Amino acid sequence: MSATATDRLVGALDAQAANAGVRNLRAWAHRGLAARPGERAMDIGAGTGSETQVLASAVGSDGDATGVEPHPGLREVAEQRASASGSTARFVDGNALDLPVADAAVDLVWCERVFQHLDEPERAAAEIARVLRPGGRVALLDSDWGTTLLHPGEPAVVAALTGGALAAAANPQAGRRLPAQLAEAGLVVDEIGSQSLVQDHRRVNWAIVRMLAETAVRRGLITEEQRDTLYADLTAAAAKGALHMSVTMFGVLAHRPGPAPQTSGSE
């Protein structure tokens, strides 16, 4: 049972990583973060470890890239994939609210799609500020489920689906709140970016649609007849390549004030 649940989670993360919008926003964030050889990097909520490996490659053998991941199954997958690719990335148990590292110990932090799951995201922002050295940088990426779009469909029915999803999530509007939370933690926001994560217009993502619709029916937000009509409308639209389903993901680049420490190789 546990292995099956992990497999489903890995599959979902791999599918998300393949989305063009996710790839574009990650590329933008890595360019802005600009990891350098010899630096110490931390990936909070490392998942399958793909971005920890990117950081490990950038900081090189003189640096260190650590992925912090609380899910043991994902951590095992991340370790296996890093070993198979010859990456120096390493992975440890931990969570965003209590990072396993001393104050001012890392040069840069990567944190992607973690804040949306947190009841106290401001505590995670404070932890990021705590572990960054003066001059250290952070790339913080997250979705904002308040930006969900679904077409076609009766507006009231679509609103019930998206509204139900917002009510069920811990921090569903995480994306729009990132800059304020980092600023309140004492970090300086340098740049904000975004990407719309658009689903295939020829295929209904039934896993998400059914989850949202069935939840709305159980909560009495829509009727079974309204649900069935929505399913038919979406199916017909997909057959014509006229479906639209998307959510916007935001990224914030920031740094901790103060001069960056000089490395031994500086001139």
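Residues numbered from 1 in each chain as written. Predicted model: local features only at pLDDT ≥ 70, side-chain atom pairs only at ≥ 80, totals over all residues. Heavy atoms only, no water.

Going by the annotation in an unreviewed UniProt entry, the name recorded for the chain is Methyltransferase domain-containing protein, with Streptacidiphilus alkalitolerans given as the source organism.

(A) Layout of the sheet that holds strand S2 (residues 64–68). As summarised here, the arrangement of the seven strands in space is S3-S2-S1-S4-S5-S7-S6, forming an open sheet in which the pairing is mixed. Of all the strands in the sheet, just strand S3 (90–92) and strand S6 (188–198) have a single pairing partner and so form its edges. Direction aside, neighbouring strands of the sheet carry axes that sit 20° apart on average. In this structure, strand S1 (residues 40–44) lies alongside strand S4 (residues 106–112), joined through four bridges in parallel fashion. (Pairing = 2+ DSSP bridges. Helix = DSSP H or I, 4+ residues; strand = E, 2+ residues; numbered from the N terminus. Axes fitted to C-alpha atoms, helices over the stretch in contact; angles between N-to-C directions.)

(B) Spatial organisation of helix H2 (residues 20–33). With 14 residues, H2 should reach 20 Å at 1.5 Å per residue; the first-to-last C-alpha distance of 20 Å fits that figure. Of the positions making up H2, those classed as buried are Gly21, Val22, Leu25, Arg26, Trp28, Ala29, His30 and Leu33. The backbone nitrogen of Gly21 lies 2.8 Å from a side-chain oxygen of the residue at the head of H2, namely Asn19. (Expected span 1.5 Å × (residues − 1). Buried < 20%, exposed > 50% of the residue type's maximum accessible area, 1.4 Å probe, protein only. Polar contact = N/O pair within 3.5 Å; in protein donor to acceptor, adjacent residues only side chain to side chain.)

(C) Quick look at unusual backbone geometry. The step from His151 to Pro152 runs through a cis peptide bond, and the omega angle for that step is 5°. Phi is positive for Ala34, close to 50°, though the residue is something other than glycine. With respect to the helices and strands, Ala34 occurs in the loop between H2 and S1. Even without being glycine, Ala104 reaches a positive phi, approximately 50°. Within the secondary structure, Ala104 is located in the loop between S3 and S4. Judged by relative accessible area, which is 30%, Ala104 ranks as partly exposed.

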